[in-house]
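# Structure assessment
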Amino acid sequence: MAVEIPSVEDLLKKGIASFKEKFQSVPELAGIAPGRVNLIGEHTDYNEGFVFPMALPMVAIVLGKRTNENKCKILTTNKHADDSQYVEFSLPTDLEPLKPGKPNWANYIKGVVQYFDGPKVGFNAVVISSVPPGSGLSSSAALEVATYTFLEGLVGHKTDTKQKASLCQKAEHNFASVPCGVMDQLISVHGEESCVTLIDCRSLHIMNVTIPASNCVFLIVNSNVHHELASSEYSVRRQTCEEVAKKFNRKSLRDVTLVELNKLKSSNNIDDEMYRRARHVITENERTLKAVEALKSNSIKEFGHLMNESHNSLSKDYEVSCEELDFLVQTAREVDGVYGSRMTGGGFGGCTVTLVDKSSVNAVIKRISDSYKKQADFFVVKPSPGARVMSLTS
């Protein structure tokens, strides 16, 4: 059976109860921000390419109130949090900026507080989230954007949305040591109900594409294989892409064509691994733009075909899949009513996303549940709203 995703209202109730118990007072407002699933366009964002994600009904919430202290006090409701569920730290100053430390989960919040483009004020807060950590559904970006949105509400200061996403990305780079692209933060800020969002990761231009009415849904399957984007493999892929772009004296692989890459390969100026890494990025950009047109024209079969091609490239050329993800994708594809399936997120574990007819969802779940050696979790999702502030006092 598919997992029932907790509603924002239910999460708020739990978060408010935890806040009252911890801080013996009532929270004033909440910053809410969604996770995301990327339908196609993987590992293209840090290559200044195109991505096509949608915001999820799974969200991170930071709720609390402003205080007169010079401190930030935060409790997470995640019982599996590393080291401690509670942390407090002083507000940053020019002479004493914040630095990452323990517990790790708090570094995402520290980074956002450090780079917040507004007045720095003390606060008490509780963090609650329905985005599965380590699943490739951007639990970290959801937390960053929710924190930033919470701070905006506290001081009545709004940052330009693209700047807001970039500052949250900067927090992840410098406080979590993850050299991520800006896709996750942008879609968490800009997500819209019923829409998938094309993001040009060079210009940060955003175009929302309405999902046409159909009998299809997106099924997310969490492999429950934990991945760490901070792992060396992610950084190695990024460095390889940059090295290939330099061979063409280009800023990024966004500016390199497949014809040019093939010529470089034929002249023996690039090894096979570097060639395959670059080929994935170049062809993935092409697939992403084709997928946008397929969705606009309600060409479900073509969209699914492009999803399949994307996974094959991620698995064989970019080599960021794993045995479990490949198994989940292949098993889903064997079920009638499935149009396409692929891994989503950074890879080395996490989730797959499958485009499937509503009538076949249970068949996919049963097929995977009967044959997958680990415990998989299933979520039927639809495009959901982006970040917002909610008052808790009215």
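Our subject is the structure listed above.
A few points on the structure. (Residues numbered from 1 in each chain as written. Predicted model: local features only at pLDDT ≥ 70, side-chain atom pairs only at ≥ 80, totals over all residues. Heavy atoms only, no water.)

## Overview of the sheet that holds strand S13 (residues 388-391)
Picture the strands of a sheet paired through backbone hydrogen bonds; they go either parallel or antiparallel. As a reminder of what qualifies: In this scheme, strands are said to pair when DSSP sees at least two bridges between them. Runs of H or I in DSSP of at least four residues are treated as helices and runs of E of at least two as strands, each being numbered from the N terminus. Fitting a line to C-alpha atoms yields each axis, with helices limited to the stretch in contact; the angle taken between N-to-C directions then spans 0 to 180 degrees. Contacts: residue pairs with any heavy atoms within 4.5 Å of one another.
Spatially, S5-S4-S6-S3-S1-S13 is the arrangement adopted by the six strands of the open sheet, whose pairing is mixed. At either margin of the open sheet sits one strand with a lone partner, and together these are strand S5 (86-90) and S13. On average, each strand axis in the sheet is tilted by 25° relative to the strand beside it, whichever way the strands run. Across four bridges, strand S1 (residues 29-38) lies against S13 in antiparallel orientation. Its bridge partner lying in S13, Ala30 is registered against Met390. Where helix H5 (residues 183-190) meets the sheet, its contacts fall on S1 and strand S3 (53-66), and the angle it forms with S1 comes to roughly 125°.

## So, the side chain of Ser140
In plain terms, the rule: Burial classes follow relative accessibility: with a 1.4 Å probe on protein chains only, a residue under 20% of its type's maximum area counts as buried, one over 50% as exposed, and anything between as partly exposed.
Tracing the backbone shows Ser140 in helix H3 (residues 139-155). Overall, the relative accessible area of 16% leaves Ser140 in the buried class. Discounting residues that sit within four places of it in the chain, Ser140 has contacts with Tyr108 and Glu172.

## Some details on the environment of Asn70
Structurally, Asn70 is set in the loop between S3 and strand S4 (71-76). Here Asn70 falls in the partly exposed class, since its relative accessible area comes to 48%. Between the alpha carbons of Asn70 and Phe123 there is a distance of 8.3 Å; along the sequence they are 53 residues apart.

## Description of the sheet that holds strand S2 (residues 50-51)
Taken in spatial order, the three strands of this open sheet run S2-S7-S8, and their pairing is antiparallel. Both outer strands of the open sheet, S2 and strand S8 (206-210), are each paired with one neighbouring strand and no more. Here five bridges tie strand S7 (residues 195-200) to S8, and the two strands are oriented antiparallel to one another. Paired with Cys195 across the strands is Thr210, a residue of S8. Across the sheet, helix H8 (residues 272-296) is in contact with S2, S7 and S8; its angle to S8 comes to roughly 40°.

## Remarks on the nonpolar core
We apply this condition: Definition of nonpolar core: a set of buried residues of the types Ala, Val, Leu, Ile, Met, Phe, Trp, Tyr and Cys, connected through side-chain atoms within 4.5 Å.
Core analysis: the biggest nonpolar cluster contains 102 residues, and Phe52, Ile74, Phe123, Phe303 and Val381 have the highest contact counts within it. Among the elements that take part in this core, H8 stands out by supplying nine residues, more than any other. Beyond its immediate stretch of four places on either side in the chain, Val381 contacts Ile5, Met54, Leu56, Pro57, Met58, Phe218 and Ile220. Judged by nonpolar contacts, the second largest core, of 16 residues, contains Val225, Val338, Val361 and Ala376.

## Digging into the pairing of S4
Among the six residues of S4, five are classified as buried, and the element is accordingly described as predominantly covered. With five bridges connecting them, S4 and S5 associate as antiparallel partners. Pairing of Lys73 across the sheet is with Glu88, part of S5. As paired elements, S4 and strand S6 (residues 123-129) share five bridges and run parallel to each other. If you follow Cys72 over to S6, its bridge partner there is Phe123.

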